[in-house]
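Letter by letter, the chains look like this.
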Amino acid sequence: MSTAFALAGLGGFNAHGAGFLAAAKAWGIQPELVTATSGQILVLADWLRGADDLRASLISPGQDGNPVAQLQTMLFGYPGVFKPAYQQAFARFASLPNFKESPIEIFADRFLPAQQYVPDRPEKCFQTVADIFNESATGVVFNSYDLAKGTGVLYGNDAARKALPPDKAFQNRHAAEVKQDPRETDMRYVSHETAETEIHPIDAECVKSALWLSLYGFQNMPVGRMDGAYHRSCIVSELHNFDRVFVARPLANAWIGRAPSNWFEVQDWQCEMWFSVGYKAEVDALRRINDLIEDGFITHSKFKKVELVEIEPKTPAGYFNYFVERNKVYDEAYRLSEQKFAKLGLRKPVKAAGLKPAPGFE
């Protein structure tokens, strides 16, 4: 059975994907291809290089369980990831204003700028990640977003090019195999055939662009691109030729518990809605194809049913948990992953039986 992983990155919840990958390794589940967005790119690189503990480079002991960790991050940044753009803010404030702009724009650009932080990762980090991906026998695909063109860009290694089909099965060149009026074809799947189907080579600059947050501003984006999670939070639709796809999405499918009742909870809700809507649109294509095959409307050999296995938490994220990675998220993802594996009838290898269990599995 061919298997793929889809990892959705989100600051403060990348530990969810790390927990899933750790569980998959313990159970001996090896994918042919892994897609990743945003911070999951770094988690995936650690996993592919064989890191024994994915928490080590992800969860800071000084932040986990610290009630003021979010405030510290806002004021002082995240060491080794980003730092406040104080110098840039001062230079912007001291510069002559553009009097062609309105007074409100002049004020906002100086006192409420888009750039709040600057990236603090060393340049060699991006090259290291690119080297790990390019040398991997496992297919790797990640994305960035071209702001000026409004399009996503996919990057992948040689193994990914071999594992993925040359075009999407959802394209209209197979529309004749679907027993429906061509005029009723969903236009999301009949876009120009070159749109976001090319897999670009991986290098340090594209890794850097895929980790460029909106908080860094929009003026100095590497190769004019930024974090692809703003465009596609999870890369799934290209995985239609795999038998089973495991998706590690870090947010719950619905808002569980007390409804939002304050400003902070509304901000959290808005972020979760944005993430969830984008994700649901992404997997809608796979589910639609599965339904059409089940009902006998699609019979072409290039189409097949895909088993979509979702690993997701059961509670809302929490506004003060963004950018603060926690052991609790990692351990819960590990637990949920093991539950899914067992439900699928998979067996944990004997060699893993002697491993020290993760917290909560004793």
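Computed from a predicted structure; not experimentally measured. (Residues numbered from 1 in each chain as written. Predicted model: local features only at pLDDT ≥ 70, side-chain atom pairs only at ≥ 80, totals over all residues. Heavy atoms only, no water.)

Quick notes on the overall build of the chain
- Of the regular secondary structure elements, the chain holds 11 helices and 10 strands.
- Looking at the chain as a whole, 48% of its 362 residues qualify as buried.
- A sequence separation of at least 24 residues applies to 77% of the contacts in the chain between residues at least 6 apart.
- Carbon and sulfur atoms form 57% of the exposed surface of the chain, whose accessible area is close to 18,700 Å². (Helix = DSSP H or I, 4+ residues; strand = E, 2+ residues; numbered from the N terminus. Buried < 20%, exposed > 50% of the residue type's maximum accessible area, 1.4 Å probe, protein only. Contact = heavy atoms within 4.5 Å. Areas by Shrake-Rupley, 256 points an atom, 1.4 Å probe, with all protein chains shown as cover.)

Side note on the packing of aromatic side chains
- For the coordinates displayed, the defined rule picks out 23 aromatic pairs.
- Aromatic pair F264 and F320: ring centres 4.9 Å apart, planes at 45°, arrangement tilted. One end of the pair, F264, is in helix 9 (residues 263-294); the other, F320, is in the loop between strand 10 (307-311) and helix 10 (327-343), with 56 residues separating them in the sequence.
- A relative accessible area of 38% places F264 in the partly exposed class.
- Judged by its relative accessible area of 47%, F320 is partly exposed.
- Taken together, the ring pairs in this structure connect F5, F20, W27, W47, F246 and F341 into an aromatic cluster. (Phe/Tyr/Trp six-rings, centres within 6.5 Å; stacked < 30°, edge-to-face > 60°.)

With respect to helix 9
- End to end, helix 9 covers 45 Å across 32 residues, agreeing with the expected 46 Å (1.5 Å per residue, within 8%).
- Packed against the buried residues of helix 9 are strand 9 (244-248) and strand 10.
- Regarding helix 9, its N-cap is N262, as a side-chain oxygen of that residue lies 3.1 Å from the backbone nitrogen of F264 further along. (Expected span 1.5 Å × (residues − 1). Polar contact = N/O pair within 3.5 Å; in protein donor to acceptor, adjacent residues only side chain to side chain.)

Let's talk about a nonpolar patch on the surface
- Together, V68, L71, M74, L75, F76 and Y86 line one region of the surface with nonpolar side chains, adding up to about 640 Å² of accessible area.
- For the nonpolar patch, the leading source of residues is helix 3 (residues 69-76), giving 4 residues.
- Mapped onto the elements of the fold, L75 is located in helix 3. (Patch = residues over 30% accessible without salt bridge, like charges linked within 9 Å, V, L, I, M, F, W, Y side chains within 5 Å. Salt bridge = Lys/Arg side-chain N within 4 Å of Asp/Glu carboxyl O.)

Notes on the pairing of strand 9
- Most of strand 9 sits out of view: 5 of its 5 residues are buried.
- Burial along strand 9 is two-sided: R244, F246 and A248 facing one way and V245 and V247 facing the other are all buried.
- In the sheet, strand 1 (residues 3-7) pairs with strand 9 via 5 bridges, with the strands oriented parallel. By the bridge assignment for strand 9, A4 is matched with V245.
- As paired elements, strand 9 and strand 10 share 5 bridges and run parallel to each other. By the bridge assignment for strand 10, V245 is matched with L308.
- In the classification by handedness, the crossover that spans strand 9, the intervening helix 9 and the parallel strand 10 is right-handed. (Pairing = 2+ DSSP bridges. Right-handed = clockwise from strand over helix to strand, strands pointing away.)

Considering the nonpolar core
- Grouped together as the largest cluster of nonpolar side chains are 74 residues, with contacts concentrated most on F5, F20, F133, F142 and V207.
- Ranked by residue count, the leading element in this core is helix 1 (residues 14-26), at 8 residues.
- Sequence-distant contacts of V207, defined by excluding residues within four places in its chain, comprise F126, V129, A130, F142 and I202.
- The next biggest cluster of nonpolar side chains, apart from the first, holds 10 residues, and it includes V81, Y145, L213 and M221. (Core = buried A, V, L, I, M, F, W, Y, C linked by side-chain atoms within 4.5 Å.)

Here we look at the confidence of the model for the chain
- Mean pLDDT over the chain stands at 87; residues scoring 70 or higher make up 88%.
- Across residues 168-195 the pLDDT falls below 50, and counting only partners more than four positions away or on other chains, this stretch makes 46 contacts in the model.
- Counting contacts from residues 353-362, a segment whose pLDDT is below 50, to residues more than four positions away or on other chains yields 8 contacts. (pLDDT = per-residue confidence, 0-100.)

So, the pattern of salt bridges
- If you walk through the whole model with that rule in mind, you get 18 salt bridges.
- Across the pair R225 and D146 runs a salt bridge, and its minimum N-O distance is 3.9 Å. Of this pair, R225 sits in strand 8 (residues 225-227) while D146 is found in strand 5 (residues 139-146), placing the two residues 79 residues apart along the sequence. Like D146, R225 is buried.
- Put simply, K304 and D243 hold a salt bridge, and the shortest N to O gap is 3.0 Å. Of the two residues, K304 is situated in the loop between helix 9 and strand 10 and D243 in the loop between strand 8 and strand 9; the sequence distance between them amounts to 61 residues.
- Judged by relative accessible area, which is 31%, K304 ranks as partly exposed.
- D243 gets classed as partly exposed once you look at its relative accessible area, which sits at 26%.
- The network of salt bridges with shared partners includes D53, R55 and D331.

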